[in-house]
Amino acid sequence: IAHADEAFRWKGYKVFTSFSVAQLGHVIKLLVDTGIFVNSNKKELLEFFSIFFGSSNKENISAGSLRNSFYNEDASAAAGVREILILLLNQSKKDFSR
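Computed from a predicted structure; not experimentally measured. (Residues numbered from 1 in each chain as written. Predicted model: local features only at pLDDT ≥ 70, side-chain atom pairs only at ≥ 80, totals over all residues. Heavy atoms only, no water.)

S.K.: Even after reading the chapter, I still don't get a nonpolar patch on the surface, so can you show me in this structure?
M.R.: A contiguous nonpolar patch, built from Trp 10, Tyr 13 and Val 15 and spanning about 280 Å² of accessible area, is present on the exposed surface. Among the residues examined, Trp 10 registers a relative accessible area of 38% and is labelled partly exposed. (Patch = residues over 30% accessible without salt bridge, like charges linked within 9 Å, V, L, I, M, F, W, Y side chains within 5 Å. Areas by Shrake-Rupley, 256 points an atom, 1.4 Å probe, with all protein chains shown as cover. Salt bridge = Lys/Arg side-chain N within 4 Å of Asp/Glu carboxyl O. Buried < 20%, exposed > 50% of the residue type's maximum accessible area, 1.4 Å probe, protein only.)

S.K.: Just to check I follow, could you spell out the packing of aromatic side chains for this structure?
M.R.: The geometry of an aromatic ring pair is captured by two quantities: the separation of the ring centres and the angle between the planes. Summed over all chains, the structure comprises 6 aromatic pairs. On the basis of an interplanar angle of 35 degrees and a centroid distance of 4.7 Å, the ring pair of Phe 49 and Phe 53 is categorised as tilted. For Phe 53, a relative accessible area of 18% translates into the label buried. By the ring-pair criterion, three or more aromatic residues cluster together here, those being Phe 37, Phe 48, Phe 49, Phe 52 and Phe 53. (Phe/Tyr/Trp six-rings, centres within 6.5 Å; stacked < 30°, edge-to-face > 60°.)

S.K.: Any chance you could explain helix 5 (residues 75-96) here in plain terms?
M.R.: For an α-helix the count is 3.6 residues per turn, leaving residues at separations of three or four pointing the same way. Given a rise of 1.5 Å per residue, 22 residues ought to cover 32 Å, and the 32 Å separating the end C-alpha atoms of helix 5 matches this to within 8%. Among all positions of helix 5, only Ala 77, Ala 78, Gly 80 and Val 81 are buried. Seen from one end, helix 5 has its buried residues packed into an arc of 160 degrees, which puts them on one side. Looking at helix 5, the residues exposed on the side facing more than 90 degrees away from the buried face are Ala 75, Ser 76, Glu 83, Leu 87, Leu 89 and Lys 93. Turning to helix 5, the residues buried within the fold contact helix 2 (21-33). (Helix = DSSP H or I, 4+ residues; strand = E, 2+ residues; numbered from the N terminus. Expected span 1.5 Å × (residues − 1). Arc of directions from axis to C-beta. Contact = heavy atoms within 4.5 Å.)

This is how it looks when you write it as structure tokens:
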């Protein structure tokens, strides 16, 4: 499939997550700050996520809302993300302890 055909295939598709917009912005920031996401243009990265992701409380996320969540510290979003990360770690341990 040609690159343009692949892009058209995904037009309108969204990955829905249980993260709130604030939590999603915080997770993206963690992934950027730790070097897991290495895109140099943060604006484009956030625009990509706003187009292709939906949150638990908002089907369509504006790039501006995601950018605000990325740059502004939110203690409750950070705490929620930590809980989810702990859940992921515990699930990973469970999966490999059998």
